[in-house]
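Fold and geometry: a report
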Amino acid sequence: MAAFVDRVTVHVAAGNGGHGVSSVHREKYKPLGGPDGGNGGDGGDVVLEVDPNVHTLLDFHHRPHQKAANGRPGAGSNRHGARGEERVLRVPEGTVVSTPDGRVIADLVGAGTRVVLAHGGKGGLGNAALANARRKAPGFALLGEPGEAFDAVLELKSIADVGLVGYPSAGKSSLVAAMSAARPKIADYPFTTLVPNLGVIRSGDTVYTMADVPGLIPGASTGKGLGLQFLRHVERCAVLVHVVDMATMEPGRDPETDIEALEHELAEYGGDELDLVGRLRIAVLNKIDVPDGRELVDLVRTSLEERGLQVFAVSAATGEGLAAFGYALAAAVEEHRASLPAPEPVRVTLTPRAVDDSGFTVERDPDDADAFVVRGVKPERWVRQTDFTNDEAVGFLADRLNRLGVEVELAKAGAHEGDAVTIGDVTFDWSPTLPAGSLTVEESAGLGGRGTDNRLESNERIGASERLAAKRARRVPFEVSEGGWTDEDLEDLPVDDDPADDEDIEGGQGAEDEARTGPADGSR
């Protein structure tokens, strides 16, 4: 089982927003209770937080899928849904978050640093929140938005003040073990160290950290010998130290050749941007407890000092020279810390929206010359929140798009009735308030749009005065012929289609007979 993981791909998914609910208040003696549908809760976020007690990405190696909780839907009686619980991913300091294509999202440095990696979806509004003076009882609610979901690459770059670089089996792990309380694995074969080992060292009043970088070989900058995985851990080190093996028995190797090969690999990997070679200030000649190694020190010290390096001859086995080496490292670390600029407080930058920014764009579909694509945060969010099985909700969406100015921009772009318009993942046929081309763009810009209805202009409903005149006309008396009612007189009689009049006449006649003769059952 792996004990140290410094690169992993995680699949993060924020929580979906809860749906709003459409509900009407029902209570005894309150026939018109009104809408009381609650809003849906927001989905939970996926948050990255730096934890000083975490030193590896092993947890995400075993559980790469991380999802936050969804928001709860709303309910009647104005009960809003609960917000989804956020998912906190605790990562070690020095974690770099990027997309699979290499775009850096965040560089997490400092204990307690938090960054929202994936935002949860917004909850939908209930019909109580959608009610207004003109829409007193909406029969629809908005849907919750889906949360963000994507793949992210977490890469750990160890943060240490001092980094030890050198060939395999040069004694780097032995130095960390001799100068700190760390106990890395030490053995007599190459590539014993496959993961960085950190140790905390105190030299006088200075406390600093030291990282044992796995062994580097020629060609490491191109990936040979897992070089790319090892070199990433030296990017953040303030001071780099050459650890030279003075007791190597390999043919073709000597201290100067080893240093030249390592400087070449660091220059190829870092380039001018990182300048890793400029951080090489100290050279440590290790294993001087071996007789041949102590004799070789006097031969190479002068040439290394001519390169501008401080040279220390030490023995990790006996502890010889480690004290002076530790104080030299402390001085170099203090010099680097003094050169850093003073930390500035975080400044909140507010960028107002441009005056001419409508919040959306209208473009022709590259796949269809007669189709159009509307892009923008608001239109796409409104489409995601619309329940297309509810006609009233679709009409509400059309009103919002019209007020935003989408119809006017489509007309300017040359859209005609029936053209396909795509917003987000939904494609529909455009049906403007008036047919495109019937008015100029200037005239169409001044239209009230969906606030008008052509059916209201032609009112064919009979008014109250007209109904009263027709009622009086039906009560005009007719002259009866001398011989009584004839068929022609019956045909000329007006027909009373209002049954309410018959009930009034029958009720009035019955009341008149009862008042004259008394009740039919003989009661008084």
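Residues numbered from 1 in each chain as written. Predicted model: local features only at pLDDT ≥ 70, side-chain atom pairs only at ≥ 80, totals over all residues. Heavy atoms only, no water.

**As for the overall build of the protein chain**
Heads up, the condition is: In this description a helix means any DSSP run of H or I spanning at least four residues, a strand means any run of E spanning at least two, and both kinds are numbered starting from the N terminus. Accessibility here uses a 1.4 Å probe with only protein chains present; expressed as a share of the type maximum, an area under 20% marks a residue as buried, one over 50% as exposed, and anything in between as partly exposed. Note on definitions: a residue-residue contact is assigned when non-hydrogen atoms from the two residues lie within 4.5 Å.
The helix and strand inventory of the protein chain stands at 14 helices and 18 strands. The buried share of the protein chain, reckoned over its 524 residues, is 39%. When contacts within the protein chain are restricted to residue pairs at least 6 apart in sequence, long-range pairs at least 24 apart make up 69% of them.

**Some points on the confidence of the model for the protein chain**
Short version of the rule: For every residue, the predictor states its confidence as a pLDDT score lying anywhere from 0 to 100.
On average, the protein chain scores 79 in pLDDT, and the residues at 70 or more come to 76%. Across the protein chain, the secondary-structure element scoring lowest on mean pLDDT is helix α14 (residues 499–517), at 45, and the one scoring highest is strand β3 (residues 65–67), at 95. Under a pLDDT of 50 for its full length, residues 435–439 has, in the predicted model, eight contacts with residues more than four places off or in other chains.

**Description of the sheet that holds strand β4 (residues 87–91)**
Across a sheet, paired strands are connected by hydrogen bonds in the backbone, their directions being either parallel or antiparallel. Put simply, the rule reads: Strands were regarded as paired on the criterion that DSSP finds at least two bridges between them. Fitting a line to C-alpha atoms yields each axis, with helices limited to the stretch in contact; the angle taken between N-to-C directions then spans 0 to 180 degrees.
On the basis of which strands lie adjacent, the open sheet formed by three strands has the order β4-β2-β7 and mixed pairing. The open sheet is flanked by β4 and β7 (114–118), the only strands paired with a single partner. Between one strand and the next, the sheet's axes are offset by a mean angle of 30 degrees, whatever the strand orientation. Where strand β2 (residues 46–50) and β4 come together, five bridges link them in parallel fashion. Looking at the pairing, Val47 lines up with Val88 of β4.

**Focus: the sheet that holds strand β13 (residues 280–286)**
If you trace the six strands from one edge of the open sheet to the other, you get β10-β11-β9-β12-β13-β14, paired in mixed fashion. The open sheet has two free edges, formed respectively by β10 (197–203) and β14 (310–313), since each of these has just one partner strand. Ignoring strand direction, the axes of neighbouring strands in this sheet form an average angle of 25 degrees. Of the pairings in the sheet, the one linking β13 to β14 comprises four bridges and is parallel in character. Bridged to Ala283 within β14 is Val311. On top of the sheet, helix α3 (residues 172–179) reaches β9 (162–165), β10, β11 (206–212), β12 (239–245) and β13; it is set at about 150 degrees to β11, its chief contact. Across the sheet, helix α7 (residues 322–339) is in contact with β9, β10, β11, β12, β13 and β14; its angle to β11 comes to roughly 105 degrees.

**Description of the packing of helix α8 (residues 377–384) against helix α9 (residues 391–404)**
Rule in force here: Each angle gets one of four labels, with under 35 degrees taken as roughly parallel, over 145 as roughly antiparallel, 65 to 115 as roughly perpendicular, and the rest as oblique. By the convention adopted, Pro, Cys, Tyr, Trp, Phe, Met, Ile, Leu, Val and Ala count as nonpolar, Lys, Arg, Asp and Glu as charged, and the other residues, Gly among them, as polar.
Packing of α8 against α9 brings their axes to within 10 Å, and their N-to-C directions diverge by 175 degrees. As judged from the angle between their axes, α8 and α9 are roughly antiparallel. Along its contact with α8, which presents Lys378, Pro379, Trp382 and Val383, the element α9 presents Leu397, Arg400, Leu401 and Leu404. Class assignment for the residues of the contact of α8 with α9 results in six nonpolar, no polar and two charged.

**Observations regarding the nonpolar core**
Put simply, the test is: Definition used in this section: a nonpolar core is a set of buried Ala, Val, Leu, Ile, Met, Phe, Trp, Tyr and Cys residues joined via side-chain atoms within 4.5 Å.
The biggest cluster of nonpolar side chains holds 26 residues, and the ones touching the most others in it are Val162, Met210, Val241, Phe325 and Leu329. With seven residues, the single largest contributor to this core is α7. In this view, Met210 contacts Ala160, Val162, Leu164, Val176, Met179, Asn197, Leu198, Gly199, Ile201, Phe325 and Leu329; residues no more than four positions away in its chain are not counted. Among the nonpolar cores identified, the runner-up in size contains 22 residues, and Ala14, Phe60, Val91 and Val97 belong to it.

**Focus: the pairing of β13**
Note the threshold: Handedness is read with the strands pointing away from the viewer; a crossover is right-handed when the path from the first strand over the helix to the second is clockwise.
Within β13, six of the seven residues are buried, which leaves it mostly tucked inside the rest of the structure. In the classification by handedness, the crossover that spans β13, the intervening helix α6 (residues 291–306) and the parallel β14 is right-handed.

**Observations regarding the packing of aromatic side chains**
Stated formally: Here the aromatic set is Phe, Tyr and Trp, taking the six-membered ring for Trp, and pairing holds for ring centres within 6.5 Å; pairs whose planes are under 30 degrees apart are stacked, those over 60 apart are edge-to-face, and all others are tilted.
Within this structure, the stated rule accounts for two aromatic pairs. Relative to Phe396, the ring of Phe140 lies with its centre 5.2 Å away and its plane at 45 degrees, an arrangement referred to as tilted. Of this pair, Phe140 sits in the loop between α2 (127–130) and β8 (149–156) while Phe396 sits in helix α9, and the two are 256 residues apart along the sequence. A relative accessible area of 9% places Phe396 in the buried class.

**Section: the environment of Pro255**
Of note, Pro255 is situated in helix α5 (residues 255–274). Along the sequence, Pro255 and His242 sit 13 residues apart, while their C-alpha atoms lie 9.9 Å from each other. When sequence neighbours within four positions are dropped, the list of residues in contact with Pro255 reads Val244, Met246, Leu296 and Val300.

**A closer look at the packing of α3 against α7**
Contact geometry of α3 with α7 gives a least axis separation of 12 Å together with a crossing angle of 90 degrees. By the angle between their axes, α3 is roughly perpendicular relative to α7. Mapping the contact onto sequence places Leu175, Ala178 and Met179 in α3 and Leu322, Phe325, Gly326 and Leu329 in α7. Grouping the constituent residues of the contact of α3 with α7 by class yields six nonpolar, one polar and no charged.

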